[in-house]
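Single-letter residue listing:
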Amino acid sequence: MKILITGANFENKGAQSMLFITADEIRKRAGNAEIYFSTSEKCNLRNYRFKSVYLTTLTQKIALSRHYISLPLIKNTLRDCIRFILGRKKNIWQFTRLRELMPDIDVIIDVSGFALGQKWSASSQENYLNNIRIAKKYNIPMYLMPQSFGGFSYSDDRKYLLPEIKELLKYPRVIFAREQAGYTELTKRFRLNNVKLSADLVLQNKSIELSNIYRKIPDLTIPELKTSGNTAIIPNMQCFKHGDREKNLALYKSIIDSLISMGRHVYIFRHSAKDFEICQLIYDMYGKNKNLHLLTNDFSCIEYDRFINQFDFIICSRFHGIVHAYRNGIPAIALGWEIKYTELTAGMCQEKFCFNITDDNLKTEDIISAVKYLDKNSGKERNVIENRLTEIRRDNCFDAVSELN
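Residue indices follow the written sequence of each chain, beginning from 1 at its first position. Owing to the predicted nature of the model, reporting of local features is limited to residues with pLDDT of at least 70; listing and counting of side-chain atom pairs is limited to 80 or more, with chain, interface and lining totals taken over all residues. To obtain the side-chain values, all non-hydrogen atoms of the structure were included, while hydrogens and water were left out.

**Q** Which parts of the structure should I look at to understand the overall build of the chain?
**A** Starting at the N terminus, helices and strands are each numbered in turn, a helix being any DSSP run of H or I of at least four residues and a strand any DSSP run of E of at least two. Secondary structure assignment for the chain yields 15 helices and 14 strands. Values of the radius of gyration come from C-alpha atoms, whereas the globule rule sets the reference at 2.2 Å times the count of residues to the power 0.38. Relative to its length of 405 residues, the chain is compact, with a C-alpha radius of gyration of 22 Å against a globular reference of 22 Å. Put simply, the chain has 405 residues, and 55% of those count as buried. Note on areas: these come from Shrake-Rupley sampling with a 1.4 Å probe, and a residue is covered only by the protein chains present in the view. Only carbon and sulfur atoms are counted for the fraction: they give 48% of the accessible area of the chain, which is about 18100 Å². Burial status follows relative accessibility: with a 1.4 Å probe on protein chains alone, a residue under 20% of its type maximum counts as buried, one over 50% as exposed, and anything between as partly exposed.

**Q** Could you clarify how one ought to interpret the side chain of Asn230 in this entry?
**A** Within the secondary structure, Asn230 is located in strand β9 (residues 230-234). With a relative accessible area of 3%, Asn230 lands in the buried category. Counting of polar contacts relies on pairs of N or O atoms within 3.5 Å, with two restrictions inside protein: one atom must be capable of donating a hydrogen and the other of accepting it, and residues adjacent in sequence are counted only when both atoms are side-chain atoms. Within the local environment of Asn230, its side chain forms a polar contact with the backbone oxygen of Gln310, the two atoms lying 3.4 Å apart.

**Q** Is there a simple way to think about the sheet that holds strand β14 (residues 354-356) in this case?
**A** Adjacent strands of a sheet form backbone hydrogen bonds with each other and so pair up, either parallel or antiparallel. When DSSP finds two or more bridges between a pair of strands, those strands are recorded as paired. With parallel pairing, six strands are arranged side by side in an open sheet as β11-β10-β9-β12-β13-β14. Only two strands of the sheet have a single partner each, and these edge strands are β11 (292-294) and β14. Averaged over all pairs of adjacent strands, the angle between their axes in this sheet comes to 15°, without regard to strand direction. Examined bridge by bridge, strand β10 (residues 265-268) and β11 share three bridges and lie parallel to one another. In the strand pairing of β11, Ile268 is matched with Leu294. It only takes one pair of heavy atoms within 4.5 Å for two residues to be counted as in contact. Each axis is a line fitted through C-alpha atoms, taken for helices only over the stretch in contact, and angles between the N-to-C directions span 0 to 180 degrees. Contacting β10 and β11, helix α11 (residues 276-286) runs over the sheet at an angle of about 150° to β11. Where helix α13 (residues 319-327) meets the sheet, it contacts β12 (313-316) and β13 (332-336), and its direction lies at approximately 165° from that of β12.

**Q** Just to check I follow, could you spell out the pairing of strand β1 (residues 2-6) for this structure?
**A** For a regular strand, side chains alternate in direction, first toward one face of the sheet and then toward the other. Of all five residues making up β1, four are buried, and the element is well covered by its neighbours. Relative to strand β2 (residues 34-39), β1 runs parallel, the two being bridged by four bridges. Residue Leu4 lies in a different strand from β2, and its bridge partner there is Tyr36.

**Q** Just to check I follow, could you spell out the nonpolar core for this structure?
**A** Generally speaking, a soluble globular protein has its nonpolar side chains buried in company with each other. In these notes, a set of buried Ala, Val, Leu, Ile, Met, Phe, Trp, Tyr and Cys residues joined through side-chain atoms within 4.5 Å is what counts as a nonpolar core. Phe20, Phe50, Met145, Ile255, Phe269, Ile314 and Ile333 are the most contacted members of the largest nonpolar core, which totals 97 residues. Counting residues per element, this core draws most heavily on helix α15 (residues 364-392), which supplies eight residues. Sequence-distant contacts of Ile314, that is, excluding residues within four places in its chain, are made with Ala232, Ile234, Tyr304, Ile308, Gly321, Ala325, Ile330, Pro331, Ala332 and Ile333. Listed in part, the 35 residues of the second largest apolar core include Tyr36, Tyr138, Ile140 and Leu161.

**Q** Where do I start with the environment of Arg270 in this structure?
**A** One can find Arg270 in the loop between β10 and α11. Sequence spacing of Arg270 and Thr345 is 75 residues, and the spatial spacing of their C-alpha atoms is 20 Å. A distance of 3.3 Å separates a polar atom in the side chain of Arg270 from the backbone oxygen of Ala273. Separated by 3.2 Å, the side chain of Arg270 and the backbone oxygen of Asn297 make a polar contact.

**Q** Please explain the packing of helix α5 (residues 122-137) against helix α6 (residues 161-168) as it appears in this structure.
**A** Between two packed helices, the angle of one axis relative to the other and the distance separating the axes together describe the packing. The geometry of α5 relative to α6 is characterised by a closest axis approach of 11 Å and an angle of 30° between their N-to-C directions. Between α5 and α6, the crossing angle belongs to the class labelled roughly parallel. With respect to the hand of their crossing, α5 and α6 are arranged in left-handed fashion. Of the residues in α6, those touching α5 at Ala122, Gln125, Glu126, Leu129, Ile132, Arg133 and Lys136 are Leu161, Glu164, Ile165, Glu167 and Leu168. Polarity classes work like this: nonpolar for Ala, Val, Leu, Ile, Met, Phe, Trp, Tyr, Cys and Pro, charged for Asp, Glu, Lys and Arg, and polar for all others, with Gly in that last group. A class-by-class count of the residues in the contact of α5 with α6 yields six nonpolar, one polar and five charged. Oblique is the label for any angle not covered by the other classes, which are roughly parallel (under 35 degrees), roughly antiparallel (over 145) and roughly perpendicular (65 to 115). By convention, the crossing between two helices is left-handed when the near helix turns anticlockwise from the far helix through less than a right angle, and right-handed when the turn is clockwise.

**Q** Honestly, the pattern of salt bridges in this entry has me stumped. Any pointers?
**A** Note on definitions: salt bridges are taken to be side-chain nitrogens of Lys or Arg within 4 Å of carboxyl oxygens of Asp or Glu. If you walk through the whole model with that rule in mind, you get 26 salt bridges. Its salt-bridge partner being Lys119, residue Glu338 comes within 2.8 Å of it at the nearest N-O pair. You can see Glu338 sitting in the loop between β13 and α14 (339-347) and its partner Lys119 sitting in the loop between β5 (114-116) and α5, a full 219 residues away along the chain. The partner of Lys253 in a salt bridge is Asp257, and the shortest N-O contact between them spans 3.4 Å. Linking Lys253 with Asp257, this pair stays in helix α10 (residues 245-261), spanning four residues, or about one helical turn. A relative accessible area of 30% means that Lys253 is categorised as partly exposed.

**Q** Looking at this structure, how should I read a negative patch on the surface?
**A** On the surface, Asp244, Glu246, Asp359 and Asp360 cluster together into a patch of negative charge. Structurally, Asp244 can be placed in the loop between α9 (237-242) and α10. Within the patch definition used here, like charges are joined within 9 Å and nonpolar side chains (Val, Leu, Ile, Met, Phe, Trp, Tyr) within 5 Å, considering only residues with over 30% relative accessible area and no salt bridge. Counted as positive: Lys and Arg. Counted as negative: Asp and Glu. His and the chain ends are not counted at all. To locate a charge, take atom NZ for lysine, CZ for arginine, CG for aspartate or CD for glutamate.

**Q** In this structure, what is going on with helix α2 (residues 57-64)? I would like to understand it.
**A** The periodicity of an α-helix, 3.6 residues per turn, causes residues three or four positions apart to be oriented the same way. Those residues of α2 that fall on the buried side of the exposure criterion are Thr59, Gln60, Ile62 and Ala63. Each buried residue of α2 lies within a common arc of 160° when the element is viewed along its axis, so the set occupies one face. As used here, the arc is the angular range of directions from the helix axis to the C-beta atoms.

**Q** Can you walk me through the packing of aromatic side chains in this structure?
**A** Each aromatic ring pair is specified by the distance between its two centres and by the angle formed by the two planes. For Phe, Tyr and Trp, where Trp contributes only its six-membered ring, two rings pair if their centres lie within 6.5 Å, and the inter-plane angle classes them as stacked under 30 degrees, edge-to-face over 60, or tilted in between. Evaluation of the coordinates by the stated rule reveals 24 aromatic pairs. Ring centres of Phe10 and Phe20 lie 5.9 Å apart, and the angle between their planes is 75°; this geometry places the pair in the edge-to-face category. Of this pair, Phe10 sits in the loop between β1 and α1 (13-29) while Phe20 is found in helix α1, placing the two residues 10 residues apart along the sequence. A relative accessible area of 1% places Phe20 in the buried class. Between Phe307 and Phe311 the ring centres are 5.2 Å apart and the planes differ by 90°, which places this aromatic pair in the edge-to-face class. Given the relative accessible area of 2%, Phe311 is considered buried.

Below, the structure is given as structure tokens:
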């Protein structure tokens, strides 16, 4: 059996986590499956038990072309031949691999976290829809794993997407909507009957068998904290783009002041490589303190998942940073701005710890109050989270992939 995973990547730790868990769930059901994932990244996969296939808008067009020799193929060949002649190393045949692979693929599993809705450009949504078009052209069963959808209040220049979305989303065997808002949009607006409401697939997975991911299990870099009373701060660069930079920095300083006054050790680190700049800013703003620590680690999703266990609770603005905390029973104060944070926390009975960091009416004292509560009651909230996990894990979205079961 050959399986293609779309929507995953290594750059984003949430996307990496969904890739690893999908590979793990496939191996648990079809141990000898040949697994591919589509990406435009340059990945060294020598030690992984899956392969990559090059994906760009042009490789999608070639895969969708009626004839093998097509205008996109000719353009790409000429362009890459020129690059090769100029000494720019280029595999001039990589853009045909997607088309060559598709007739042999048995099932496509999409793990895009959020790629379809008014927030995204028309071109990026067309790329998402092209994966469905490809599955449809080659008559390959397709499943859209838990992800966000919508809203769909498009500007006039993008309304042409709506009939395309309605028609193409009929094709996947099952569409798992991660939030009630997305489920409602798909079932009411587009009248789809292949949609199910589901928790994030990272929460559904009980544990990853590393031998399902790696050929040789690597050494993991997981700092061992020598302190007790530990709280993590995991910021998100996007919060500073969507909200007021100076106000956000002042908010983090107030939070750190409160945590240190409680005698807690505060560790600032990133969930995404691009967030280190903000980690450094928050740390430098405060000044040296024996209870404040800045970590430079760029954790893999597996390292992050294990490291997070050393904290009583975390303060996090990365969606899957929070998901991995919940996966380990760790309470989180969620500083987000999208509905996915609201529904994630509500689904874990933790909505009182969710705050919109871009809201002009956000009160610092409300967050400090939540910090003080978790300082005393993190164990109580851990029990709430673990009870919810037990309920969530009664179902697994991969059980719906009939080709694997």
